[in-house]
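In case you want the letters, here they are:
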Amino acid sequence: MTGRTGTPMASPAREPLRPIRLFGVFFRIGALNELQYRANFAIQVFQSVIALATGLAVIGLVFSQTTHLNDWTRPELLAVMGVHILMGGLIQTFIQPNMVRLMADVREGTLDFVLTKPEDSQVLISIREVKIWQAIDVVIGFVVLGVGIAQLQTSIGPVQALGFALALLLGASMIYCFWLILTTGAFWIVRMDEIHELFDGIYQSGRWPVTIYPGWLRVSLTYLVPIAFAVTVPAEAITSRLTVETIAIAAIFAVILLLVTRWWWRFGLRHYSGASA
Amino acid sequence: MPQPAIHVRDLRKTFRVPVREAGLRAAFKSLVRRESREVKAVDDVSFDLEPGEVVGFLGPNGAGKTTTLKMLSGLLYPTSGEATVLGHVPSRREPGFLRQITMVMGNRNQLQWDLPALDSFDLIRAIYRLPADQFRQTRDEFIELLELGDLVNKPVRNLSLGERMKVETVGALLHRPQVLFLDEPTIGLDVTMQKRIRSFVAEYNRRLGATVLLTSHYMADVQALCRRVVVIHHGRILFDGALSVLAARFNATKTIGVVLRDGTVDLSAYGEVMATDDDRVTLRVARADAPEVTTRLLRDLPVADLTIEDPPIEDVIEHVFAGAAEDQRAEAEAEAEATAATARSS
Amino acid sequence: MTAPPRPAVGPVRGYLDYYLTSMRIAIATQFQYRVANYFYMIGMVAEPVIYLVVWSTIARQQGGEVGGITPGQFAAYYIVWTLVRNMNIIFTPYGWEERIRTGELSGMLLRPMHPIHADLGFFAGWKFVVIVLWLPIAAVLSLLFQPDLQPRLIDVVVFAFAIWGAYLIRSVNYWILGMVTFWTTRVGPIFQLVFTAELLLSGRLVPLSLMPDWAQRLADVLPFKWTFGFPIEALVGHLPESELIGGLAMQALWIAIGAIGVRVVWRFAVRHYGAVGG
C-alpha cells in the first residue's frame, strides 16, 4: 500500500521500536523550540526554587514538633519529597502537556490532523509535546532525593536501585494511564479544563507517604488516583521498605491499567469519529 | 458665539519605540544600550467640531486616527498641544466629562457574556447613575430603533456577531452622551448590519444633536454619515473640509465600464484599462475626456452596456496620500539639495 | 446644546445601587457556572485535607495533641479554612496583563467610576454563590473528620464580619500588587514571592501558633494573618473578646492602608498608561 507520494508506508509490524524513535523526534523538536526562550528557563528555576524552599520549610516545621511521621524519619521524608518533585517534573514535562494539547484538540476539532496520520494515534497524542524546562524539577528532585539518602547513612545496593527504577517506571505509567483515561472523557464532556486544578491538588497528597492517610483515603490514593504507586512506592524502594508483594501488585496493576487505557482510548476514538459528520 | 464641542490645537503625541536591527551583533548591543527613537503618532493636529457635527476621520492604518480619538477620550495624554471636549480637558478624566462621552471601538465587548443584554443595560444604568424612568425610556427607544426585539433577552454569547454589535451599540449610548467617538464601528459586519448601525447613529445624531467623530475604513460609512471629513496621514492633517470638495479637488478621473456585444477588443486606445473580467472592461480616463471617449466608444464599437462612474472614494484617498507622499519626497529632496548646496559653498 | 446630565442620585445611594446590581449580575453569571465552581472547590479541598491528616497524625503520635491542638481542633481549623479560602479569592494580580492587552482596561477607564468597584462588586456577589455551594462540602468534611467546633455567639458574629474583612484586605492590597503590571511584564517572580510569604505567614499552612516565634511576630505586622488565620481563629479558637475586637480593628487598619495605596498607585498607573499607551 503506498501513500499519496507513492512511497511505501512503514507498517507497525516491521518497526517495533518506532514509537521510541518518534518520541526522540518530538523530543528534539520540542526541546529546540523551548530552548529559544531563555527567559522561561530563568522563570522556571525561580519557581522551582521557591517551591523547594516552601517544601523544606514545611518539613522543618513538622520536625520542629516531632521526630518522625509514623515510622518515617526526617531524611526519609526528604527522600519522599525528592521523589515527589522528581515525579512531578516528569509529569509536567512529558505527560501533562500532551493531555492539555489533546483536550484542546478535541475541543477545537483539530484532532483530525492526528487521526489522519499513519501512526498509531495513541502514540502520537502521548509523545508530541515536551515542556523541557519543567525537567528542572526532575533535577531538583534527584538532588533532594540524594541529600535525603546521604543523611540516611545506609548504602543503596543494586537491589534497591533496581527496585526504585522499576517502581518509578511503573508509577509513571500509571499516572499516564490515569491522565489519558480522564482526558479521553473529553470525547463526551468537552469542557474538562478544571481537571488540571483537581489533579494538581490531589497530587500534593504525594508529598507525604500515603500510609498516614485514613483507610478510605489511602485506598483512593492508591487505586483511584495512583499517587501511592507514583511516589510512595518508589520512596519505599529507596528506603528499603519495599516488599515483593507491593512491587508485584504495582506491576499487575500497571499492566491492567495500560490495557484498560488502550481499550478506552479506542472506544473513545470510535465515538468521536462516528459523531463528527 | 457657542463653544465648539471639540477643540483641538497643535495636538501632538510622540512615543518612544525601542529600535533593534536584525542580526546577532545588534542583539548583543541592545542588551547593553537600549536604543529608541521617537515616533510622532500625531503631529501638531488642529481642528474644531461644532456641536451636532458628524465628521469622518480618514486615514490608513497607523495614521494617527485612533491615537487622536484616545487623546480626546482621555485614554492617552497628549505630549503637547491642547484639546478640550465639551469644555473639559479629557486627560483629567473628570466623572462629569466621562458621563457625556462614549467611545465605541469596533470589537470591544462591554456587555456581560453570559447574561441577557438587558441585565448589562441595568448595570450601565447603575454605573452612570441614570434616572430610572429616563433610562427605561431611552433603552426602549433604542431597542425599537434597532429592531432588537427579543434579542435583549438572550445571553450575549448566543447572539451572532451582527446582533452583538447592535446590543453593544445600544449599551454604549444608553447614557445619552453628547459626544461620540466611533472607531471602526462597522468593522467585520455584513452590509445589512452596517446600514443598520449607520442609520442608528444618524438618527441618534438627529434626535440628540450629539457630536460624532467617526473613523472607518468603509467609505460607505463616511459617505452615509459625514458631510465633513478630516484626512490624516503620518499624524498630519492632509485635508479638512466637505466630502464633496474632497472628491472634486482630487477627483481627476472617471471610470467607464464597457460591455461589448460580441468578443473582446483591446480598448487601451481609449483609456487606461483597469480591469477585464469576463466581458466587462473597466477604463480610467481623465475627467475632462470622459464625454469624448464615451462618444467614440458608442460610435466605434458594438456596445451592449456602458456605465460612467466616479472612481471609488478609496482611490481618491489613495490619490491624496500619494500626493502627500510625493510632496514629502519632494520636500526631502529639496532639503537634501539645500544642505548639499550649503556644503558645497562653505 | 443640552445641559450636561446630572446623576440622578447622590454618591451613597449611587454606590449602593451599583454594588447591589453588580452582585446580582455576578450571582446570575456564576450560578450558570456552578459545575465549574464545584470542580474548583472540590480540588481546593485537597490542600487542607492533606495538612489536616499530617498534623493529626503527629498529634496522635505525641499523645493526643501537638502545640496544644488536638486532632479534633485541627479538623475544625482546616474545615473552616475551606470557607475562608473561598472568601479570600479575588481578582488575581495576574489578570492585569490580559486586561491591559485586550483593551478591557480602556473600557474601564472610560467609565465615570473607579474600576476597583467593578471587581469588588462582582467578586462579592460571587461569594454568595460560593457560600451556598460550600455548605454540602463542609457537611461531608465534618462527617469524615469529626471537627471539634463549639463557637460562641460572639465568635460567629465576629467571624461573619472577619471573612468580609479578609475579602476586602486581599482585594485592595492585591489590586496594588497587580498594578505593577503597568510598568513591567515580568511580574511572575514578584507575585510568587508575595504568595509564598502569604502561604507561610497567613495561617494557611498551619495554625500560626505552631510557627516559630520570629515568624509569629513577623505575621503580626503583615496583612496576611488578618486575611486567613484571624478569621479562622475567630470562629474556632475561643479567643478572648479583646483579641476578637482587636482583630477586627487590625482588619480595618489594613483595609484603610490598602484603600489609600490604591488611590495613590492608581493615579501613577493611569498616568503611565496615558503616556505610553499600555
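Residues numbered from 1 in each chain as written. Chains lettered and ligands numbered in written order. Predicted model: local features only at pLDDT ≥ 70, side-chain atom pairs only at ≥ 80, totals over all residues.

## Observations concerning the overall build of chain A
Thinking step 1. If you tally the helices and strands in chain A, you get eleven helices and two strands.
Thinking step 2. Each helix (α) and strand (β) of chain A, taken in turn from the N terminus, gives the series α-α-β-β-α-α-α-α-α-α-α-α-α.
Thinking step 3. Compactness check: chain A gives a C-alpha radius of gyration of 20 Å against a globular reference of 19 Å for 277 residues, within 12% of the reference.
Thinking step 4. Along the three orthogonal principal directions, the C-alpha set of chain A runs to about 70 × 45 × 40 Å.
Thinking step 5. Residue burial in chain A is summarised as follows: out of 277 residues, 36% are buried.
Thinking step 6. Considering only contacts in chain A between residues 6 or more positions apart, those separated by 24 or more positions represent 80%. (Helix = DSSP H or I, 4+ residues; strand = E, 2+ residues; numbered from the N terminus. Rg over C-alpha atoms; globule rule 2.2 N^0.38 Å. Buried ≥ 20, exposed ≤ 12 C-beta atoms within 10 Å, placed from the backbone. Contact = placed C-beta atoms within 7 Å.)

## Quick look at the overall build of chain C
Thinking step 1. Counting its secondary structure elements, chain C contains eleven helices and zero strands.
Thinking step 2. Whereas a compact globule of 278 residues would reach a radius of gyration of roughly 19 Å, chain C reaches 21 Å, a difference of no more than 12%.
Thinking step 3. Seen along its three principal axes, the alpha-carbon backbone of chain C occupies a region of about 80 × 40 × 35 Å.
Thinking step 4. The proportion of buried residues among the 278 residues of chain C is 41%.

## Here's the deal with the interface of chain C and chain A
Thinking step 1. With 26 residues of chain C at the contact, the number on the chain A side is 23 residues.
Thinking step 2. Listed by contribution, the elements that provide at least two residues to the side of chain C that touches chain A are helix H2 (34–61) and helix H8 (188–201) of chain C.
Thinking step 3. Of the residues forming the side of chain C that touches chain A, the biggest block, 14 residues, is contributed by H2 of chain C.
Thinking step 4. Taken together, the residues that form the side of chain C that touches chain A break down as 17 nonpolar, eight polar and one charged. (Nonpolar A, V, L, I, M, F, W, Y, C, P; charged D, E, K, R; others polar.)

## Some words on helix H7 (residues 191–208) of chain B
All names here are of chain B.
Thinking step 1. Taking 1.5 Å as the rise per residue, H7 with 18 residues should run 26 Å; its terminal C-alpha atoms sit 26 Å apart, in good agreement.
Thinking step 2. Every buried residue belonging to H7 is among Gln194, Arg196, Ile197, Arg198, Val201 and Tyr204, and all of these are buried.
Thinking step 3. Looking at the buried positions of H7, the neighbouring elements they touch are helix H6 (161–173), strand E6 (179–183), strand E7 (211–215) and helix H8 (219–225).
Thinking step 4. Positive phi appears at glycine 209, one or two residues downstream of H7, with a value of about 65°. (Expected span 1.5 Å × (residues − 1).)

## Considering the packing of helix H7 (residues 153–178) of chain C against helix H10 (residues 229–236) of chain C
All names here are of chain C.
Thinking step 1. Taken N-terminus to C-terminus, the directions of H7 and H10 make an angle of 170°; their axes are 8 Å apart at the nearest point. Taken together, the axis directions place H7 and H10 in an arrangement best described as roughly antiparallel. Two packed elements cross with a definite hand, and for H7 against H10 that hand is left-handed. Contacts from Asp155, Val156, Val158, Phe159, Ala162, Ile163 and Ala166 of H7 reach H10 at Phe230, Pro231, Ala234 and Leu235.
Thinking step 2. Partitioning the contact of H7 with H10 into residue classes produces ten nonpolar, no polar and one charged. (Axes fitted to C-alpha atoms, helices over the stretch in contact; angles between N-to-C directions. Parallel < 35°, antiparallel > 145°, perpendicular 65-115°, else oblique. Left-handed = near helix turned anticlockwise from the far one by under 90°.)

## Quick notes on the sheet that holds E6 of chain B
All names here are of chain B.
Thinking step 1. Strand order in the open sheet formed by six strands is E5-E6-E7-E3-E8-E9, and the pairing between neighbours is mixed. In this open sheet, the two strands that pair with only one neighbour each are strand E5 (101–105) and strand E9 (236–242). Neighbour-to-neighbour, the strand axes of the sheet open up by a mean angle of 15°, direction not taken into account. (Pairing = 2+ DSSP bridges.)

## Some points on the interface of chain C and chain B
Thinking step 1. At the junction of the two partners, chain C supplies 28 residues and chain B supplies 32 residues.
Thinking step 2. Broken down by secondary-structure element, the contributors of at least two residues to the side of chain C that touches chain B are helix H1 (11–32), helix H5 (104–109) and helix H11 (241–276) of chain C.
Thinking step 3. With nine residues, the top contributor of residues to the side of chain C that touches chain B is H1 of chain C.
Thinking step 4. Grouping the amino acids of the side of chain C that touches chain B by side-chain chemistry returns 15 nonpolar, eleven polar and two charged.

## Here's the deal with the sheet that holds strand E4 (residues 80–85) of chain B
Residues and elements named next belong to chain B.
Thinking step 1. Within the open sheet, the three strands sit side by side as E2-E1-E4. Their pairing is antiparallel. Edge positions in the open sheet fall to strand E2 (36–49) and E4, since each of these has one partner strand only. With direction set aside, neighbouring strand axes in the sheet form an average angle of 30°.
Thinking step 2. Note: strand E1 (residues 6–18) against E4, five bridges, orientation antiparallel. Along E4, the bridge assignment pairs isoleucine 6 with valine 85.

## What about the arrangement of the chains?
Thinking step 1. Looking across the two pairs of chains in contact, one finds the most contacts between chains B and C.
Thinking step 2. Chain A makes no contact with chain B; the smallest distance between any of their C-alpha atoms is 14 Å.

## Some thoughts on the environment of phenylalanine 121 of chain B
Residues and elements named next belong to chain B.
Thinking step 1. In this structure, phenylalanine 121 sits in helix H4 (residues 117–128).
Thinking step 2. Under the C-beta neighbour-count criterion, phenylalanine 121 is labelled buried, with 23 such atoms within 10 Å.
Thinking step 3. Considered as a pair, phenylalanine 121 and alanine 172 are 51 residues apart in the sequence and their alpha carbons are 9.4 Å apart.
Thinking step 4. Apart from the residues lying within four places of it in its own chain, the contact partners of phenylalanine 121 are Arg139, Gly171 and Leu174.

## Remarks on the confidence of the model for chain A
Thinking step 1. For chain A, the mean per-residue pLDDT works out to 86, and 92% of the residues sit at or above 70.
Thinking step 2. Confidence drops under pLDDT 50 across residues 1–8 of chain A; counting only partners more than four residues distant or on other chains, this segment forms five contacts. (pLDDT = per-residue confidence, 0-100.)

## A closer look at the pairing of strand E8 (residues 228–233) of chain B
Thinking step 1. Of all six residues in E8 of chain B, five are buried, a share of seventy percent or more.
Thinking step 2. The hairpin formed by E8 of chain B and E9 of chain B contains two residues between the paired strands, and histidine 234 of chain B there has a positive phi angle of roughly 50°.

## Observations concerning the confidence of the model for chain C
Thinking step 1. Mean pLDDT over chain C works out to 92, with 97% of the residues at or above the 70 mark.
Thinking step 2. Per the prediction output, this complex has pTM 0.83; the corresponding ipTM is 0.88.

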